[in-house]
Amino acid sequence: MSRIGYKEIDLPQGVEISQEGNVVTVKGPKGTLSREISPLIKMTVDGNVVKFDRDGDSGKLKMIHGTTRANVNNMVEGVVDGYKKVLKLVGVGYRAQFKGTTLVLTVGYSNPVEMEKPEDVDINVPDNTTIELSSINKEHLGDFAAKVRAVRSPEPYKGKGIRYENEHIIRKEGKTGK
């Protein structure tokens, strides 16, 4: 059984946390994040320590308890350090460009794939085969990175496609002749 919900969150210097009703707002050096939490979970702030409590021991309530604590912790980490994901394009002729607010991917289709940049995600393309995504919101960053990867997921035979930087693709053996 997980005990994540009972772990305390220590707020770093310069981070403020507040709660109005069910909405938690975290302000830090990199920005501000807000999120609605379950009314079944009680959040208390005591100085630089944030604690979460629940009323009861049902299975669903235990899950909400741990998830709420993890989400608020991710918000605190995001406004202090931010998050970053790096995507690699593997394949002959595969390349990425960032023009204005549009990410243009040339990944083996007859036309380039254009994706609009989300509001809170920053895109950097240091070279043709690398895409660096960064944001203070871990959830939005992961969603956008998954959408970019889904344009051309890595295939198991030659390994071509868009993959995360440290992702390992399990390769399959091709057909064998007689």
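How each quantity is defined
Residues numbered from 1 in each chain as written. Predicted model: local features only at pLDDT ≥ 70, side-chain atom pairs only at ≥ 80, totals over all residues. Heavy atoms only, no water. Salt bridge = Lys/Arg side-chain N within 4 Å of Asp/Glu carboxyl O. Helix = DSSP H or I, 4+ residues; strand = E, 2+ residues; numbered from the N terminus. Buried < 20%, exposed > 50% of the residue type's maximum accessible area, 1.4 Å probe, protein only. Pairing = 2+ DSSP bridges. Axes fitted to C-alpha atoms, helices over the stretch in contact; angles between N-to-C directions. Expected span 1.5 Å × (residues − 1). Arc of directions from axis to C-beta. Contact = heavy atoms within 4.5 Å.

Turning to the pattern of salt bridges, a few remarks are in order. For the structure on display, the rule yields five salt bridges. The shortest N-O distance in the salt bridge between Glu139 and Arg35 comes to 3.1 Å. A residue pair is termed long-range when its members are at least 10 positions apart, and Glu139 in helix α2 (residues 138-151) and Arg35 in strand β4 (residues 31-36) qualify at 104 residues. By relative accessible area, Glu139 is classed as partly exposed at 42%. For Glu132, the salt bridge identified is with Lys84, shortest N-O distance 4.0 Å. With Glu132 in strand β12 (residues 130-135) and Lys84 in strand β7 (residues 83-90), this residue pair connects regions lying 48 residues apart in the sequence. The exposure class assigned to Glu132 is partly exposed, which follows from its relative accessible area of 22%. Since its relative accessible area comes to 55%, Lys84 is described here as exposed.

Bringing the sheet that holds strand β8 (residues 95-99) into the picture now. Strands sit in the order β8-β9-β10 across an open sheet of three strands; the sheet is antiparallel. Lying at the two open borders of the sheet, with one neighbouring strand each, are β8 and β10 (113-116). Strand after strand, the sheet turns through a mean of 20 degrees between neighbouring axes, direction not considered. With four bridges connecting them, strand β9 (residues 102-106) and β10 associate as antiparallel partners. Looking across to β10, one finds that Thr102 is bridged to Glu116.

On to α2, then. For α2, with 14 residues, the first-to-last C-alpha span of 20 Å sits near the 20 Å given by 1.5 Å per residue. The complete set of buried residues in α2 reads Leu141, Phe144, Ala145, Val148 and Val151. Around the axis of α2, the buried residues are gathered within 110 degrees of arc, so they sit on the same side. Opposite its buried face, α2 presents the exposed residues Lys147 and Ala150, each directed more than 90 degrees away. Against β7, β9, β10, β11 (122-127), β12 and β13 (161-164) lie the buried residues of α2.

Only one face of strand β6 (residues 49-54) is buried: it carries Val50, Phe52 and Arg54, and the other face, with Val49, Lys51 and Asp53, is open. Looking at chain direction, strand β1 (residues 9-10) and β6 are connected through two bridges and run antiparallel. Looking across to β6, one finds that Asp10 is bridged to Val49. Here strand β5 (residues 41-46) runs beside β6; their pairing, made up of six bridges, is antiparallel. Residue pairing in the sheet places Ile41 in a bridge with Arg54 of β6. What sits between β5 and β6 in their antiparallel hairpin is a turn of two residues, with Gly47 showing a positive phi close to 70 degrees.

Two modes of strand pairing occur in sheets, parallel and antiparallel, and in both the strands are linked by backbone hydrogen bonds. Strands sit in the order β2-β3-β4 across an open sheet of three strands; the sheet is antiparallel. Strand pairing shows two members of the sheet lacking a second neighbour, β2 (16-20) and β4, which therefore form its edges. If you compare each strand with its neighbour and ignore which way they point, the axes differ by 15 degrees on average. Here six bridges tie strand β3 (residues 23-28) to β4, and the two strands are oriented antiparallel to one another. Bridge pairing in β4 links Gly28 to Gly31.

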